[in-house]
Amino acid sequence: MMADTAYEVIIGLEVHVQLQTQSKLFCRCSTRFGAPPNTQTCPVCIGLPGALPVMNEEAFRLALLTAVALECEIPSFTKWDRKNYYYPDLPKGYQISQFDLPMSCHGGLEISDAKGAFPDRRVRILRAHLEEDAGKSMHDEVAGKADSRIDLNRTGTPLLEIVTEPDMRSPQEAKGFLTELKLLLTYLGVSDCNMQEGSLRVDANVNLHVSTPGGVVATPIVEIKNMNSFRAVERALAYEAERQYQVWLETGRKKGDVPKQTRGWDDQAQVTRGQRHKEESSDYRYFPDPDLVPVRVTPAQIEEARQRLGELPAALRSRLQSDYGIDAYSADVLVNQGRLLVQYFEAVAQSTGDGKRASNWMQQDVMRSLNERSMVIGDFPVSAPALAELLSAVQRDEIDNTRAKDVFARMIDDRCSASDAMAALGIAKVDEAQTVELCREILRANPKAVADLKEGKQKAVGALIGQAKQRNANINPGRIKEIFLDLARSEQI
Ligand code: ZN
Ligand code: MN
């Protein structure tokens, strides 16, 4: 297929993130998910005449925190605008949003892939603004009834709309951006980013730059909606790129030849399907909301947000590498699991003084156990000090790595300390003097092996280790190999 080289994919994203506030953006109704329909509404959020909105300070604070983390410019003056359109789940007939003076603009987010699926890149943020959510339409959800129902609980929930420049060049890169953005939002604690509950919604704008003998030609831009997972975003973009290329080959239509189209992703059929034509922004008849005062942002407020940021994922990745001597890939894996898992790792690494060992155990044993149990680190039965105790025993050669895995499994099952688990498994701390004495006995009983060792035939030591392990299962094979070789060399048998 020539398609891989004949065009470049140009992708921009629009992400709506629900901010984690107790109450809605302009009224005191709860934002709790899952309440019975239409039980979290009031005259303000259903738009009764005369009801006046008041801005939720916490929502603005979270938006500001995010904008600062995305390295956006924060203007000192921002205002609210009405975006007018009619839809059954929008009872006011308009959405309160921000049009020409958003609360933040011109930022960026660095993305990279530890496995090199795409080049390192800074994806520029065009703008991030606050707005209220609409309600939810439900079609044919009651058994035996073909009807549509409206739930207005979500109406007025605070959303931060984050719009990128068209800076991504592959579906993998778009997924990489979303993964990094979600991680950042989670570290900031501004959103739970739960896509199933609609806390994070993604629309994508995509077109192609096709190489032709006459130069590069841009195809019409399509907006894709209805993508319910990052995987769906990646697949929808891959499908849409190839579809646009086929349309280009058939029609030769360029950007500007047809109006911008909106297509929905059908996850079952794995195709995009045409929807309505997209409104131009002039169709929304934006105008400043006369019920709300503009917001003034002071340098002190921006500085306060900066102070509150904490250590963000990118900085954390490089610090873990330099503080604990782990590689970029391991740092990436750990950081992507979230702040709590990183804290756990750091506690183990500091206590044992061995970052690499701690990192390997986190990735191989702790994370696998968490996955098997669908558990988060906060609920894990083995505490960081308990794991550190186990790893220290391995470091001191009291037990070998294989036995340590058995002990670890026991610690999870019994929710106990490393020493209790070792006792339960009959693993006694191995006494060095007794081990040396045991090795002497075995060597005395095996003069042929001793002769071989003296001639430098190290193969002979394998059988000796086997015998020693049979006598005492707890001893560390690495340590007894050393003892056998020392004794054979020194002839102190
Ligand atoms: Zn309300
Ligand atoms: Mn929006």
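Rules used in this analysis
- Residues numbered from 1 in each chain as written.
- Chains lettered and ligands numbered in written order.
- Predicted model: local features only at pLDDT ≥ 70, side-chain atom pairs only at ≥ 80, totals over all residues.
- Heavy atoms only, no water.
- Helix = DSSP H or I, 4+ residues; strand = E, 2+ residues; numbered from the N terminus.
- Rg over C-alpha atoms; globule rule 2.2 N^0.38 Å.
- Buried < 20%, exposed > 50% of the residue type's maximum accessible area, 1.4 Å probe, protein only.
- Contact = heavy atoms within 4.5 Å.
- Pairing = 2+ DSSP bridges.
- Domains from an automatic or database assignment.
- Buried area = accessible area lost by both parts, 1.4 Å probe.
- Salt bridge = Lys/Arg side-chain N within 4 Å of Asp/Glu carboxyl O.
- Lys, Arg positive; Asp, Glu negative; His and termini not counted.
- Polar contact = N/O pair within 3.5 Å; in protein donor to acceptor, adjacent residues only side chain to side chain.
- Core = buried A, V, L, I, M, F, W, Y, C linked by side-chain atoms within 4.5 Å.
- Donors = N, O, S within 2.8 Å, 3.2 Å for Na, K, Ca; no water.
- Tetrahedral: all angles 85-135°; square planar, octahedral: opposite > 155°, others 65-115°.
- Expected span 1.5 Å × (residues − 1).
- 1 Å grid on protein atoms, 1.4 Å probe; cavity = no way out; pocket = protein on both sides within 12 Å on 5 of 7 lines; lining within 4 Å.
- Points joined across faces, edges and corners; volume = space filled by probe spheres on them.
- Nonpolar A, V, L, I, M, F, W, Y, C, P; charged D, E, K, R; others polar.

Looking now at the overall build of the chain. Each helix and strand counted, the chain has 16 helices and 16 strands in total. What you see for the chain is a C-alpha radius of gyration of 31 Å, clearly larger than the 23 Å of a compact globule of 493 residues, by over 25%. Dimensions of the chain, computed from C-alpha atoms along their principal axes, come out at roughly 95 × 60 × 55 Å. When burial is assessed residue by residue, the chain has 49% of its 493 residues classed as buried. Taking the contacts inside the chain whose residues are at least 6 apart along the sequence as the reference set, 68% of them involve residues at least 24 apart.

The element strand β5 (residues 104–111) is largely enclosed, with a buried count of 6 among its 8 residues. Pairing of β5 with strand β6 (residues 121–132) involves 7 bridges; the strand directions are antiparallel. Opposite G108, over in β6, you have R124 as the bridge partner.

Turning our eyes to something else, we now look at the sheet that holds strand β4 (residues 94–97). One open sheet holds the 3 strands; their spatial order is β4-β3-β15, and the pairing between them is antiparallel. Of all strands in the sheet, those bounded by a partner on one side alone are β4 and β15 (287–288). Where strand β3 (residues 81–84) and β15 come together, 2 bridges link them in antiparallel fashion. Bridged to R82 within β15 is F287.

Turning our eyes to something else, we now look at the domain arrangement of the chain. Per the domain assignment, the segments making up the chain are domain 1 (7–299), domain 2 (311–424) and domain 3 (432–490). The interface is formed by 8 residues belonging to domain 1 together with 12 residues belonging to domain 2. Considering only the surface of domain 1 that becomes buried against domain 2, A114, L183 and Y187 emerge as the three largest contributors, covering 65% of it. Applying the counting criterion to the domain 1 and domain 2 interface returns 1 salt bridge. For E180, the salt bridge goes to R317, with nearest N and O atoms at 2.9 Å.

The next subject is the side chain of D89. Topologically, D89 is positioned in the loop between β3 and β4. For the buried D89, which has no salt bridge, the nearest side chain bearing the opposite charge is R154, at an N-O separation of 5.7 Å. For D89, the side chain forms a polar contact with the side chain of S137, separated by 3.3 Å.

The subject of this paragraph is the nonpolar core. The nonpolar side chains of soluble globular proteins are, as a tendency, buried together. Counting residues in hydrophobic clusters, the biggest one holds 77 residues, and the most contacted among them are L13, W80, I162 and F177. When residues in this core are grouped by element, the largest group, 9 residues, is from helix α2 (residues 57–69). Not counting residues up to four positions away in its chain, the partners in contact with F177 are L13, L109, I111, V123, I125, T164 and M168. One finds Y187, V348, A358 and M411 within the second-largest nonpolar core, a separate group that totals 44 residues.

On to the coordination of the zinc ion (ligand 1), then. On the protein side, the zinc ion (ligand 1) has C27 (SG), C29 (SG), C42 (SG) and C45 (SG) as donor atoms, found 2.3 to 2.4 Å from it. Taken together, the 4 donor atoms coordinating the zinc ion (ligand 1) and their angles of 101 to 115 degrees define a geometry best described as tetrahedral. Look at where the donors of the zinc ion (ligand 1) fall in the sequence and you get C-x1-C-x12-C-x2-C. One end of the pair, C27, is in the loop between β1 (7–18) and α2; the other, C45, is in the loop between β1 and α2, and 18 residues separate them in sequence. Taken as a pair, C27 and C45 share a single burial class, namely buried.

Turning our eyes to something else, we now look at the coordination of the manganese ion (ligand 2). Within the first shell, the manganese ion (ligand 2) binds the protein through H16 (NE2), E131 (OE) and E161 (OE), at distances of 2.1 to 2.2 Å. Written as a sequence motif, the donor arrangement for the manganese ion (ligand 2) is H-x114-E-x29-E. Placement of the pair is E131 in strand β6 and E161 in strand β9 (residues 158–164), with a sequence separation of 30 residues. In this structure E131 comes out as buried when scored by relative accessible area, which is 3%.

Here we take up the pattern of salt bridges. Two side chains that carry opposite charge are able to pair once their charged atoms sit near each other. Across all of its chains, the model carries 45 salt bridges by this definition. Two residues, E240 and R263, come together in a salt bridge whose shortest N-O distance is 3.6 Å. Taken as a pair, E240 in helix α4 (residues 230–251) and R263 in strand β13 (residues 261–266) lie far apart in primary sequence, 23 residues in all. In terms of burial, E240 and R263 fall into one category: buried. Put simply, D406 and R403 hold a salt bridge, and the shortest N to O gap is 3.7 Å. With D406 and R403 both in helix α11 (residues 401–414), this residue pair falls 3 residues apart, about one helical turn. Of the residues examined, D406 reaches a relative accessible area of 38% and is grouped as partly exposed. Taken together, the shared-partner salt bridges in this structure form one network comprising D365, R368, E372, R373 and K405.

Turning our attention to α11. With 14 residues, α11 extends 20 Å between its outermost C-alpha atoms, agreeing within 8% with the 20 Å of an ideal straight helix rising 1.5 Å per residue. For α11, the elements touching its buried residues are α9 (355–372), α10 (384–395) and α12 (418–424). Of the residues that open α11, the one with a side-chain oxygen 2.9 Å from the backbone nitrogen of T402 is D400. R415, located one to two residues past α11, shows a positive phi value of around 50 degrees.

One number sums up the size of the second largest pocket: a volume of about 910 Å³. Every residue lining the second largest pocket is counted, 29 residues in all, and those nearest its centre are T179, E180, L183, D332 and N336. Mapped by element, the contributors of at least two residues to the lining of the second largest pocket are β5, α3 (171–188), α6 (313–324) and α7 (328–336). Of all the elements, α3 adds the most residues to the lining of the second largest pocket, at 9 residues. Class assignment for the residues of the lining of the second largest pocket results in 9 nonpolar, 8 polar and 12 charged. Shared between two domains, the lining of the second largest pocket holds at least three residues of each, these being domain 1 (7–299) and domain 2 (311–424).

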